[in-house]
Amino acid sequence: MDVLGQTTRLASSSALLQVLFRAVTFGLNAFTLRYLSRELLGVVSVRLTLLYSTVVFLAREAFRRACLSGSTKQNWTKTINLLWLTVPLGVFWSIFLGLVWLHLLEVPDPSVVPHYQAGVVAFGLSAIIELLGEPFWVLAQAHLFVRLKVIAESLSVVSKCILTVILVVLYPQWGLYIFSLAQLLYVSVLVMCYVMYFMMFLGSPEATKKSFPVARMKALLPNLVEDETFVNWKEARLTWSFFKQSFLKQILTEGERYVMTFLNVLNFGDQGVYDIVNNLGSLVARFIFLPIEESFYVFFAKVLERGKNVKDQKQDDVAMAANVLELLLKLVLLIGLTIMVFGFAYSQLALDIYGGSMLSSGTGPDLLRCYSLYVLFLAVNGVTECFTFALMCKEEVDRYNFVMLALSFTFLCISYFLTRWHGSVGFILANCFNMGIRIAHSTHYIYNYFKESTYRPLAGLLPSPVLLLVYIISGVITGFSEVMFCCDKGWMARLVHISVGALCFAATVITMFCTETKLVHFVRSQFLSRYMKKGT
């Protein structure tokens, strides 16, 4: 099987299809912003979404990583049995955290944010519903089903946004009922997409041709095997190791929302503005970096064997993995640098166009500028960690848990003090520090892994000096353009500012093509080849 070809096809298809569907939701959200209060947005986007994401992450993340690390001879009956344990675990976390959200946290003013209790129940229930589709998701991801994941997620997001817009326009007084119904629709559509796909796929000629390990839908339910254990205990132990790590990783990933929720450093209105800017800033991370990270985690886990050093692996596989890692690092680094350089000069304009003065005044532009820097950290961390987690053995994962524990405590402290000192911008600065430490750990692991070989994939973090010079010049020119033409001098001045940025961006891209020829060939041959073939 051409693992690299299928993996890049998965990543590129994921990125392009997500851009297509997310463009629709982007416009719908911009429309909805005109009808909602900042306080309602803060409760939904921070408080309730945090409840949902925490339950889902704690219940399934460890299972996903452990079950996707199996070999080609994986016993899928036992793996599916293990995956169904995510549902009772999700019920436990949903009830426990739901009680915390209802009785220990500050309750919003009912006159400003009505129906808070119903919102907590609905978002907790939605997490449990989504976990019912976990065996289907892992099976699809392990067998590199290219479009299923993205289409299912995109259809569910679009359905959620359309329902939200309709209810916001027709029944704005419903408050959190609107977002509760939309969230339940989202997870229902998501799970049904997977179930319907496998109902059609299993038993089909295509499944037979591929020798698919599951023959019928009944096999996707928990099954007892005579004279054998219910689950694969090796996978179960690895899951426990990843679970301890996932608990800490969730604190690091959603740390600012936990600080907002439990320490009340920002009011609900400021939380709403922060979350909108945070979502805008993370668009590229969701569109490009996350599909690459998820797809190439599968690639590295299949090509190299977990727990073995570089000398004990097949050398052809080592060479391929090192080359792919180097080029991936270069790719995400250049994307991150481009966003950082141009994000500084165009943050205020972007926010003004998207949400009007509610976003472009106050701390909004500074938040998005800082997030442009944070995107660079996100880009590098995603690829380095996806390689590291794909290769770590159980003992290394356990050791890393202690690193994460110390980092979690440090991150929360820094978030609290930086927010007291510099408001919501402090959250992003703390995240940059957090990602910097995680990158240092992952690059240290990669360096040690390859030091006994002739391969040096970390060279991908060193762009051409000529390209760096072009980035610096572009940053200076666009910064000067923002001062001269943006953003209160009318639309003609804005168009001039946009034109200056377009010229600088074109010069940067041309320089990339001239200086990073190996990377250009990789992107053309792996990510774009299937689309170029379709056009011929």
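Calculation rules
Chains are numbered independently. Their residues run from 1 in the order of the written sequence. The model is predicted, so local features are restricted to residues of pLDDT at least 70 and side-chain atom pairs to those at 80 or more, both for listing and for counting; the totals for chains, interfaces and linings are taken over all residues. Each side-chain value is derived from all of the structure's non-hydrogen atoms; neither hydrogens nor water enter the calculation. Every helix listed is a DSSP run of H or I at least four residues long, and every strand listed is a run of E at least two residues long, numbered separately from the N terminus. The globule rule used for comparison is 2.2 Å times the number of residues to the exponent 0.38, while the radius of gyration itself is calculated over C-alpha atoms. The buried label applies to any residue whose accessible area, calculated with a 1.4 Å probe on protein chains only, is under 20% of its type's maximum; exposed applies above 50%, and partly exposed to all values in between. Contact definition: two residues touch when any of their heavy atoms are within 4.5 Å. Note on areas: Shrake-Rupley with a 1.4 Å probe; residue coverage comes only from the protein chains shown. Here, a salt bridge means any Lys or Arg side-chain nitrogen found within 4 Å of an Asp or Glu carboxyl oxygen. Under the pairing criterion, centres of Phe, Tyr and Trp rings, with the six-membered ring standing for Trp, must be within 6.5 Å; the plane angle then separates stacked pairs below 30 degrees from edge-to-face pairs above 60, leaving the rest tilted. Either the NZ atom of lysine or the CZ atom of arginine qualifies as a charge over a ring when it sits within 6 Å of the ring centre and within 35 degrees of the ring normal. Throughout, nonpolar core names a set of buried Ala, Val, Leu, Ile, Met, Phe, Trp, Tyr and Cys residues whose side chains join them through atoms within 4.5 Å. Candidate patch residues must exceed 30% relative accessible area and have no salt bridge, after which like charges are joined if within 9 Å and Val, Leu, Ile, Met, Phe, Trp or Tyr side chains if within 5 Å. Convention adopted: a line fitted to C-alpha atoms gives each axis, helices being fitted over their contacting stretch, and angles between N-to-C directions are expressed from 0 to 180 degrees. Note that the term roughly parallel is reserved for angles under 35 degrees, roughly antiparallel for angles over 145, roughly perpendicular for angles of 65 to 115, and oblique for everything else. Note on residue categories: nonpolar means Ala, Val, Leu, Ile, Met, Phe, Trp, Tyr, Cys or Pro, charged means Asp, Glu, Lys or Arg, and polar means any other residue, Gly included. The predictor reports its confidence for every residue as pLDDT, a score running from 0 up to 100. Pairs of cysteine sulfur atoms within 2.5 Å are identified as disulfides in what follows.

Draft legend 1. Examining the overall build of the chain more closely. Scanning the chain from N- to C-terminus turns up 22 helices and 0 strands. Since a compact globule built from 536 residues should have a radius of gyration of about 24 Å, the 23 Å found for the chain is in line with a globular shape. Once the C-alpha set of the chain is aligned to its principal axes, its extents read approximately 75 × 60 × 50 Å. The buried share of the chain, taken over its 536 residues, is 56%. Considering only intrachain contacts with a sequence separation of at least 6, the fraction spanning at least 24 residues in the chain is 82%. Per element, the accessible surface of the chain, about 23,600 Å² overall, is 68% carbon and sulfur.

Draft legend 2. Examining the pattern of salt bridges more closely. Enumeration over the complete set of coordinates arrives at 12 salt bridges. A salt bridge links Glu 130 to Arg 60, with the shortest nitrogen-to-oxygen separation between them at 2.8 Å. Of this pair, Glu 130 sits in helix H5 (residues 116-131) while Arg 60 sits in helix H2 (residues 38-67); the two residues are 70 residues apart in sequence, bridging distant segments of the chain. Members of the salt-bridge network, linked through shared partners, are Arg 60, Arg 64, Glu 130 and Glu 134.

Draft legend 3. Examining the packing of aromatic side chains more closely. One pass over the full model with this rule turns up 21 aromatic pairs. Ring centres of Trp 101 and Phe 262 lie 5.7 Å apart, and the angle between their planes is 90 degrees; on these two criteria the pair is classed as edge-to-face. Taken together, the positions of Trp 101 in helix H4 (residues 86-103) and Phe 262 in helix H11 (residues 255-263) put the pair 161 residues apart, joining distant regions of the chain. Trp 101 gets classed as buried once you look at its relative accessible area, which sits at 1%. Following the ring pairs from residue to residue traces out a cluster consisting of Phe 296, Phe 299, Phe 300, Phe 387, Tyr 445, Tyr 449 and Phe 450. Its guanidinium or amino end placed over the ring of Tyr 297, Arg 65 lies 5.0 Å from that ring's centre, counting from NZ or CZ. Directly above the ring of Trp 491 sits Arg 494, whose terminal nitrogen or CZ lies 4.6 Å from the centroid.

Draft legend 4. Structural view of the environment of Leu 503. Relative to the elements of secondary structure, Leu 503 occurs in helix H20 (residues 491-515). C-alpha of Leu 503 to C-alpha of Leu 220: the two residues are 283 residues apart in sequence and 54 Å apart in space.

Draft legend 5. Seen up close, the nonpolar core. Ranked by size, the top nonpolar core spans 153 residues in total, and within it Trp 101, Tyr 194, Phe 198, Phe 212, Phe 300, Phe 387 and Phe 450 carry the most contacts. Broken down by element, this core gets its largest block of residues, 18 residues, from helix H14 (residues 315-355). In terms of nonpolar packing, the next biggest core, distinct from the first, is built from 5 residues, Tyr 346, Leu 349, Cys 486 and Cys 487 among them.

Draft legend 6. Inspection of a nonpolar patch on the surface at higher detail. On the surface, Phe 31, Tyr 35, Ile 162, Ile 166, Val 169, Leu 170 and Tyr 171 cluster together into a nonpolar patch covering about 630 Å² of accessible area. Tallying contributions element by element places helix H7 (residues 148-170) first for the nonpolar patch, with 4 residues. Take Phe 31: it is sitting in helix H1 (residues 3-33). Using a relative accessible area of 35% as the deciding quantity, one classes Phe 31 as partly exposed.

Draft legend 7. Representation of unusual backbone geometry within the structure. Although it is not a glycine, His 115 adopts a positive phi angle of roughly 65 degrees. Relative to the helices and strands, His 115 is located in the loop between H4 and H5. On the basis of relative accessibility, which here comes to 31%, the residue His 115 falls in the partly exposed class.

Draft legend 8. Broad picture of the side chain of Glu 61. Relative to the elements of secondary structure, Glu 61 occurs in helix H2. On the basis of relative accessibility, which here comes to 15%, the residue Glu 61 falls in the buried class.

Draft legend 9. Broad picture of helix H3 (residues 76-84). Most of H3 sits out of view: 8 of its 9 residues are buried. Buried residues of H3: Trp 76, Lys 78, Thr 79, Ile 80, Asn 81, Leu 82, Leu 83 and Trp 84, and no others.

Draft legend 10. Up close: the packing of H14 against H20. Contact geometry of H14 with H20 gives a least axis separation of 12 Å together with a crossing angle of 170 degrees. Between H14 and H20, the angle falls in the class roughly antiparallel. Of the residues in H20, those touching H14 at Leu 334, Thr 338, Phe 342, Ala 345, Tyr 346, Leu 349, Asp 352 and Ile 353 are Trp 491, Arg 494, His 497, Ile 498, Val 500, Gly 501, Cys 504, Phe 505, Thr 508 and Met 512. Considering only residue class, the contact of H14 with H20 consists of 12 nonpolar, 4 polar and 2 charged.

Draft legend 11. Expanded view of the confidence of the model for the chain. On average, residues of the chain score 83 in pLDDT, and 90% of them are at 70 or above. Here helix H22 (residues 529-535) stands out as the element of the chain with the lowest mean pLDDT, 45, in contrast to H5, whose mean of 96 is the highest. Taken as a whole, residues 530-536 scores under 50 in pLDDT and shows 9 contacts with residues more than four places along the chain or in a different chain.

Draft legend 12. Highlighting the state of the cysteines. Inspection of the entire model under this criterion finds 0 disulfides. Left without a disulfide partner, Cys 504 is nearest to the cysteine sulfur of Cys 486, which lies 15 Å away. Its relative accessible area of 9% is what places Cys 504 among the buried residues. Left unpaired, Cys 514 is separated from the closest cysteine sulfur, that of Cys 504, by 17 Å. You can call Cys 514 exposed: its relative accessible area is 58%.

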